[in-house]
Amino acid sequence: MSELKLGISGIELARRFYEDCARGTFYSELGMYMDQITVGLVGEGSECFGFDDKLSTDHDYGPSFCVWMSQELYGQIGEFAQELYDDLPEEYMGVRFQLRRETASDRRGVLMTERFYQKFLGGKLLPENNMDWLRIPENYLAVCTNGELFHAPVTDFTAIRSYLLGFYPEDVRRKKIGANLVKMAHAGQVNFGRMAQRDDPVACRLALDQFIEGAVKTLYLLDKKYCPYYKWMWRGLADVKDEYDIAAKLRALALGDLSDYKSVSAKIEEIAALIIQLLHAQELSDSGESYLERQAYSVIDPIEDTQLQRLPIMMG
């Protein structure tokens, strides 16, 4: 657990705040509706991922949480529920949540389930087909499935959350893995070395970054977890299955001397070989090729959705 102002994470602080300061009031005033309400901390911000630390306490860290209800129920009791929320203590355990009233108005407090999910899912409550899944930025899926629920009866909110946590349809997962493998192949196995030989350090760095990003996203996809926003994708990798310790090799690659391009290229090939082993272990590819683009075509070949099959290989 990160060391924070109180030695507890933002999620734990939110849970304690709800249980100590809000739960009794909510049951007293909204008791007949509590089986239609979901309470927790989910959404944007490092604290919702459990990644918050001392550097995060300047914005959303503090006593706050979310209360989700359907649009219909919100029309009946939403304003009253928000008044109850606004009357909660502004300070808890010596910490204030300074953004609760204004800039975090759509991130904390009483929220409509439909509006919460539509914000991240492109105006829909649920992706309806493979193309819908593909269009939603992966970090948005991470945002609307992170955090914890403190009060979770069966509601529309929990039903949608459960569906999304089921992860991508397999055709979509294969398509996204294939796209990342091609990115890794082009950037790492080909263009890094070429740019090094052309004495172009900026292009070398960009190519290496593309390779590392593709590898990280592939690890998330192989473990069936949504990859968060770039700032947190490395931090989140600690919770992703990584039996070959590829993360450590990626870190060494990022910290290495780019001028020694032969050594860097050897490390790239080592990582590529380990990724291929993971593909074989999940029976996503049976190709014996070392070049990741050829692996990508092996991964996407079984896709049954013809619309996905017709898309450019790097669209994922």
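These remarks concern the structure in this document. (Residues numbered from 1 in each chain as written. Predicted model: local features only at pLDDT ≥ 70, side-chain atom pairs only at ≥ 80, totals over all residues. Heavy atoms only, no water.)

## Overview of the nonpolar core
- Grouped together as the largest cluster of nonpolar side chains are 72 residues, with contacts concentrated most on Phe116, Leu181 and Leu250.
- In contact with Leu250, not counting residues within four places along its chain, are Phe211, Ile212, Ala215, Val216, Leu219, Trp234 and Ile271.
- One finds Ala14, Ala22, Ile37 and Cys48 within the second-largest nonpolar core, a separate group that totals 27 residues. (Core = buried A, V, L, I, M, F, W, Y, C linked by side-chain atoms within 4.5 Å. Buried < 20%, exposed > 50% of the residue type's maximum accessible area, 1.4 Å probe, protein only. Contact = heavy atoms within 4.5 Å.)

## Examining the layout of surface pockets
- The volume enclosed by the largest pocket comes to roughly 490 Å³.
- Lining the largest pocket are 24 residues, with Phe49, Phe51, Asn146, Gly147 and Asp239 positioned closest to its centre.
- Class assignment of the residues belonging to the lining of the largest pocket gives a composition of 11 nonpolar, 7 polar and 6 charged. (1 Å grid on protein atoms, 1.4 Å probe; cavity = no way out; pocket = protein on both sides within 12 Å on 5 of 7 lines; lining within 4 Å. Points joined across faces, edges and corners; volume = space filled by probe spheres on them. Nonpolar A, V, L, I, M, F, W, Y, C, P; charged D, E, K, R; others polar.)

## A short note on the packing of aromatic side chains
- Counted according to the given criterion, the structure contains 22 aromatic pairs.
- A ring pair is formed by Phe49 and Phe51, whose centres lie 5.5 Å apart and whose planes are at 15°; its orientation type is stacked.
- A relative accessible area of 6% means that Phe51 is categorised as buried.
- An angle of 80° between the planes, with centres 5.2 Å apart, marks the rings of Phe116 and Tyr117 as edge-to-face.
- For Tyr117, a relative accessible area of 0% puts it in the buried group.
- Put simply, the rings of Phe17, Tyr18, Phe26, Phe65, Tyr85, Tyr92 and Phe150 pair up and form one aromatic cluster. (Phe/Tyr/Trp six-rings, centres within 6.5 Å; stacked < 30°, edge-to-face > 60°.)

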